[in-house]
Amino acid sequence: MIRRQTCPVCRKKLEGGAESETFPFCSERCRRIDYFRWSDGKYAIVDPLSPEDLSEIDESEFDRE
Ligand SMILES: [Zn+2]
């Protein structure tokens, strides 16, 4: 089993590794993005995000580098 060292959502390096609360994501934000990708609106029990919203979040993550 391979341990990811980068966030599967935004590709940013993980600082906390497997001990991070948000592993395997870099942040709670990316964990939610991945959740919405999988739910795809079928189980939208939380405020839904449009594809446009998701791309905006990805860009802001990169800007923080
Ligand atoms: Zn991320």
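For the structure, see preceding data.
Per chain, residues are indexed from 1 in the order of the written sequence. Given that this is a predicted model, residues contribute local features only at a pLDDT of at least 70 and side-chain atom pairs are listed and counted only at 80 or more, while totals for whole chains, interfaces and linings are drawn from all residues. The basis for every side-chain value is the complete set of heavy atoms in the structure, and neither hydrogens nor water enter the calculation.

Some details on the coordination of the zinc ion
Under perfect tetrahedral coordination by four donors, a metal shows angles of 109.5 degrees; under perfect octahedral coordination by six donors, it shows angles of 90 or 180 degrees. Keep this limit in mind: Metal donors: N, O and S atoms at distances within 2.8 Å, or within 3.2 Å for Na, K and Ca, with water omitted from the atom set so that some sites may seem incomplete. In these descriptions, tetrahedral denotes four donors with every angle between 85 and 135 degrees, square planar four donors and octahedral six donors with opposite donors over 155 degrees apart and the rest between 65 and 115, and irregular any other case. Only runs of H or I of at least four residues qualify as helices and only runs of E of at least two qualify as strands under DSSP, and these elements are numbered from the N terminus.
Looking at the metal site, the zinc ion is ligated by C7 (SG), C10 (SG), C26 (SG) and C30 (SG), spaced 2.3 Å from it. For the zinc ion, the 4 donor atoms in the first shell make angles of 104 to 116° at the metal, a pattern classed as tetrahedral. Along the chain, the residues donating to the zinc ion fall in the pattern C-x2-C-x15-C-x3-C. With C7 in the segment before α1 (28-39) and C26 in the segment before α1, this pair connects stretches of sequence that are 19 residues apart.

Quick word on the environment of R31
Stated precisely, the cut-off is as follows: Relative accessibility thresholds used throughout: buried, under 20% of the residue-type maximum; exposed, over 50%; partly exposed, between the two (1.4 Å probe, protein chains only). Should any heavy atoms of two residues lie within 4.5 Å, those residues are counted as being in contact.
Looking at the secondary structure, you find R31 in helix α1. Relative accessible area serves as the criterion here: at 33%, R31 is assigned to the partly exposed category. As for R31 and V9, which are separated by 22 residues in sequence, their C-alpha atoms are 8.0 Å apart. Contact partners of R31, with chain neighbours within four places excluded, come to E21, T22 and F25.

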